[in-house]
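# Topology and contacts: notes
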There are 2 protein chains.
Amino acid sequence: MHFSSVIHILGLLLMFLAIAMLLPIAFSFYYGDGDYQALLISAGITLVFGFVTYKVTRFAQDLRPKEGFAIVTFGWLSFSLFGCLPFLLSGAIPSFTDAFFETMSGFTTTGASILSDIEELPHGILFWRSLTHWIGGMGIIVLSLAILPFLGIGGMQLFKAEVPGPVADKLTPRITETAKILWGVYVLISAAEVVLLWLGGMDLFESLCHTFGTMATGGFSTRNASIGSYGSAYIDYVVIFFMILAGTNFALHYRFIKGDFRAYFRSQEFLFFLSIIGIAAVIIGIDTFSHHYKDVPLTLQKTLFQVVALLTTTGYGTADYEQWSFTSQFVLFVLMFLGGCAGSTGGGMKIMRIHLLVKFVFSEITRLLHPHAVKPVRIGPNAIPRDVVSNVLGFFITFMLLFILGVLVMSALGLDMATSFGAVAATINNIGPGLGGVGPTDNYAGIPLVGKWVLAFLMLVGRLEVFTVIILFSPSYWRK
Amino acid sequence: MHFSSVIHILGLLLMFLAIAMLLPIAFSFYYGDGDYQALLISAGITLVFGFVTYKVTRFAQDLRPKEGFAIVTFGWLSFSLFGCLPFLLSGAIPSFTDAFFETMSGFTTTGASILSDIEELPHGILFWRSLTHWIGGMGIIVLSLAILPFLGIGGMQLFKAEVPGPVADKLTPRITETAKILWGVYVLISAAEVVLLWLGGMDLFESLCHTFGTMATGGFSTRNASIGSYGSAYIDYVVIFFMILAGTNFALHYRFIKGDFRAYFRSQEFLFFLSIIGIAAVIIGIDTFSHHYKDVPLTLQKTLFQVVALLTTTGYGTADYEQWSFTSQFVLFVLMFLGGCAGSTGGGMKIMRIHLLVKFVFSEITRLLHPHAVKPVRIGPNAIPRDVVSNVLGFFITFMLLFILGVLVMSALGLDMATSFGAVAATINNIGPGLGGVGPTDNYAGIPLVGKWVLAFLMLVGRLEVFTVIILFSPSYWRK
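Right, let's walk through the structure included here.

Thresholds, definitions, all that
Residues numbered from 1 in each chain as written. Chains lettered and ligands numbered in written order. Predicted model: local features only at pLDDT ≥ 70, side-chain atom pairs only at ≥ 80, totals over all residues. Heavy atoms only, no water. Helix = DSSP H or I, 4+ residues; strand = E, 2+ residues; numbered from the N terminus. Rg over C-alpha atoms; globule rule 2.2 N^0.38 Å. Buried < 20%, exposed > 50% of the residue type's maximum accessible area, 1.4 Å probe, protein only. Contact = heavy atoms within 4.5 Å. Phe/Tyr/Trp six-rings, centres within 6.5 Å; stacked < 30°, edge-to-face > 60°. Lys NZ or Arg CZ within 6 Å of the ring centre and 35° of its normal. Least-squares fit on C-alpha atoms with pLDDT ≥ 70 in both. Buried area = accessible area lost by both parts, 1.4 Å probe. Salt bridge = Lys/Arg side-chain N within 4 Å of Asp/Glu carboxyl O.

### Let's talk about the overall build of chain A
A count of helical and extended segments in chain A gives 22 helices and 2 strands. Taking 23 Å as the expected radius of gyration for a compact globule of 480 residues, we find that chain A reaches 21 Å, a close match to that expectation. If you line up chain A on its principal axes, its C-alpha atoms span 70 × 65 × 55 Å. The 480 residues of chain A split such that 63% are buried. A sequence separation of at least 24 residues applies to 71% of the contacts in chain A between residues at least 6 apart.

### Looking at the packing of aromatic side chains
Here the structure, examined in full by the defined rule, presents 76 aromatic pairs over all chains. Consider the rings of F96(B) and F100(B), whose centres lie 6.1 Å apart with planes at 45°: the pair is tilted. One end of the pair is F96(B) and the other is F100(B), both in helix 6 (residues 96-107) and 4 residues apart, which spans about a single turn. Overall, F100(B) belongs to the buried group, its relative accessible area being 5%. The lysine or arginine in question, R129(A), covers the ring of F220(A), its NZ or CZ lying 3.9 Å from the ring centre.

### Quick notes on unusual backbone geometry
Residues and elements named next belong to chain B. Residue S226 is not a glycine yet carries a positive backbone phi of 55°. Assignment of secondary structure puts S226 in the loop between helix 10 (204-215) and helix 11 (233-246). In this structure S226 comes out as buried when scored by relative accessible area, which is 13%. Positioned with a positive phi, T313 is a non-glycine residue whose angle comes to about 65°. Along the polypeptide, T313 turns up in the loop between helix 15 (296-311) and helix 16 (326-338).

### Quick notes on the relation of the copies chain A and chain B
Two chain copies here: they are related by a rotation about an axis and a translation along the same axis. With an RMSD of 0.0 Å, the fit of chain A onto chain B corresponds to turning through 180° and sliding 0.0 Å along the axis. Taken together, the rotation and translation describe the operation of a two-fold axis. By C-alpha distance to the rotation axis, the residue of chain A lying nearest is L393(A), at 3.6 Å. The residues that chain A uses at the interface reappear at the interface of chain B in 100% of cases, marking a shared surface.

### Here's the deal with the interface of chain A and chain B
Where interface size is given, it is often the accessible area lost as the parts come together that is meant. Across the contact, 45 residues belong to chain A and 45 residues belong to chain B. At the boundary of chain A with chain B, total buried surface from both sides reaches about 4200 Å², with 79% on carbon and sulfur atoms. On the chain A side of the interface with chain B, the three residues burying the most area are F326(A), L368(A) and M417(A), jointly 17% of the side's total. One salt bridge connects D387(B) with R367(A), and the closest N-O pair in it is separated by 3.5 Å.

### Some words on the environment of V361(A)
Structurally, V361(A) can be placed in helix 17 (residues 351-369). Taking the C-alpha atoms as reference, V361(A) lies 32 Å from T73(A); in sequence the two are 288 residues apart. In contact with V361(A), other than residues within four places in its own chain, are G394(B), I397(B) and T398(B).

### Points about the pattern of salt bridges
All names here are of chain B. Applying the stated rule across the entire model yields 18 salt bridges over all chains. In this structure, D98 and K452 form a salt bridge, with 2.8 Å as the shortest nitrogen-oxygen distance. Linking D98 in helix 6 with K452 in helix 20 (residues 449-463), this pair joins segments that are 354 residues apart in sequence. A relative accessible area of 7% places K452 in the buried class.

### As for the environment of F270(A)
Residue and element names in this part refer to chain A. For F270, the location among the structural elements is in helix 14 (residues 268-293). For F270, a relative accessible area of 8% translates into the label buried. C-alpha of F270 to C-alpha of T248: the two residues are 22 residues apart in sequence and 6.8 Å apart in space.

Here you go:
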């Protein structure tokens, strides 16, 4: 393990973070909320710390997967540690646990909040809170499309077989190039959403903040009642559309922009993603139409919004789905685990993995009938290598084990069934709102201290595709 | 597909069933409840039907796995269809759905009941009800130790690597021999339990019925308050001991009887099984001691009973665990899915499979660190073949999918969260009592009609190791 290289890169990343902390200051001055000092001091501390660690260490050639795991995990951790400074120093969130929870929730694009009254926060701090989402989303795109394939972790290897996009085979030489292309796409789509939200009546501040929340599939809002507070069908549909884009593989967007207009519809995963949205919306729509809205357009708007918000793991809300039937809530609960497409900013287990699990079951049934026929698992025309299948299966089991352990801990802290299930599902899948005491109209303020740390850990584990973090707990990782 | 062979064997099995129906008549006469007519007529109908189908068909040599799947699935189905005749004809359970549900619950050794007042049933019928468990248990032992390995289904292949017991490699030649040995062990242990329960104050009728329920890990009782109605620590511990034996691989018992006294402690699965009991009892014991019993012996007795009853999927009760904390209930809920050892009468996913899943995750983590080192998954000193690992993984995913679909259907029928989760978990794992509306003090009478059929299907699927049934839904199964 080249500790020096790892710390060197972390120092560099912190310097970027410090620069990002300066951006909200424009809104501090514009709105005159007086929160610029906290942001400035936070940026200063982060910059100095980053600069010093960068300078006292040096970069050795040839990063191996081992260093990769550490950089990713400690990268997100250190962003959350330094990123919570503005909340602490401004007094917006006085408790360190709460501030860390909120920042981890931001950078992991979860959107779970301990804030009871969001609207009382100064604008600079609110902007920083939303910006952590957007930065986290940038990190995730590069992570899933450039870094994880290099580390040998499943999601994108599957995708590589399907769409040969701008996917790096090695970390060092091509990562910068890949990152630039993908960030270009990310910025372009974000800009489009800002304009469309602004046309729908939001001011620039709100357009930006909600775009950050959408594009990162995060879910932080500037309003207590989330997107629902605007009561606008236009805004709802704009956000639905961009949540779908954010939950789609960014390599497909890249191909689309390059002129390959049918890229989306050649992707099995994307079609599966759309089908899931359709099926879930019909099941839930039947319930919400007959028991709540009794009006087709309104049912469609409210149902589609919640289905897309939870499937893409954004977590924005326009309806209190805890008022819906248990069937609808259970469907939403299952959607939470499916998540976005591989290579998107969405969390959860990823559509591609679920698709592969289903295919794997069918191939096992075939094998029972024809024990001597060796057939690989296929997605579309592509045979998926056995190692990739193994990796996805290992991911699924580990995910389920973590979910069970998480619920066990939450229950031991005294939370009830719905809250325990909801809080763990909403954090490990990076959604935000869950069920029960952490449902769409509640927040995480009431979770016991230990619970907040456990949930923050689950956000990190879920966001970094589980193994990136878990592997650091393996003794053989630390051995020479 | 040799339909003729399949029907031929089913006919033979039905003739055995008819003979079994005559046994309870002894108790009908002894107690003078007048239910002997229903039993006699049922036996007659079953015998005639079995004899005719046996005679008009003939057995072709060489059964293939294809026929094996059909015989097993349709065997359990036809036993449940004919086995419910005594309930219907005696008027004990007037509804066909209810009678079928109760009988399927018996033969699958589930123990889920639609009866609100068990004690009002005539003795012959009650005896028949418990006997269905014991017959089901016999079937399961032969199924898991002799038939399933032949069909290529996972659980026992794993065990074969661990303990080379009396396991048949081919169905036809050695199945009778294997069955005889295992049934000998089953009868011997059953006899021991009958004597010990009788010494504890039960009469012969109750000793037999509760032995049937224990040895099959079924859970039907002759009392409304289950084992708890005796209020005897001695009886509780006898039942605990025999539930553990019933949840253990019968090949180990066979080796023990043959003089290999350390057979149990060489089995990784058995040690894992005991560890799970220990860990769960400690976690739950802390809660039940501090919030309920405040007395060490009573806490131990009540906690251990419930842990063993649910882990082995017996489902007997001595305490209303729904009064315990959500942590305790959640631990019990997880235990339900683990189940007994492979080759036992226990249901659930089986300890061996869980053990393998955990090992698989570790091997995947190792592979991420050393991508080029090809290491098989090991249990003890044995490398598990990749095909067997695949099969277990496929089993796990299918089991989870069925659980989710089951909960979805139950929720659509209007059941609440706890009841939906509890009913599906308690049937697919072949336990009996669940949570909420089907908790330990309730029964399945209130489940809607469609729900009863779905749950009966889940009992069958869970009991027959999922694939045995699921494969029949594959179009390629029915193709030439």
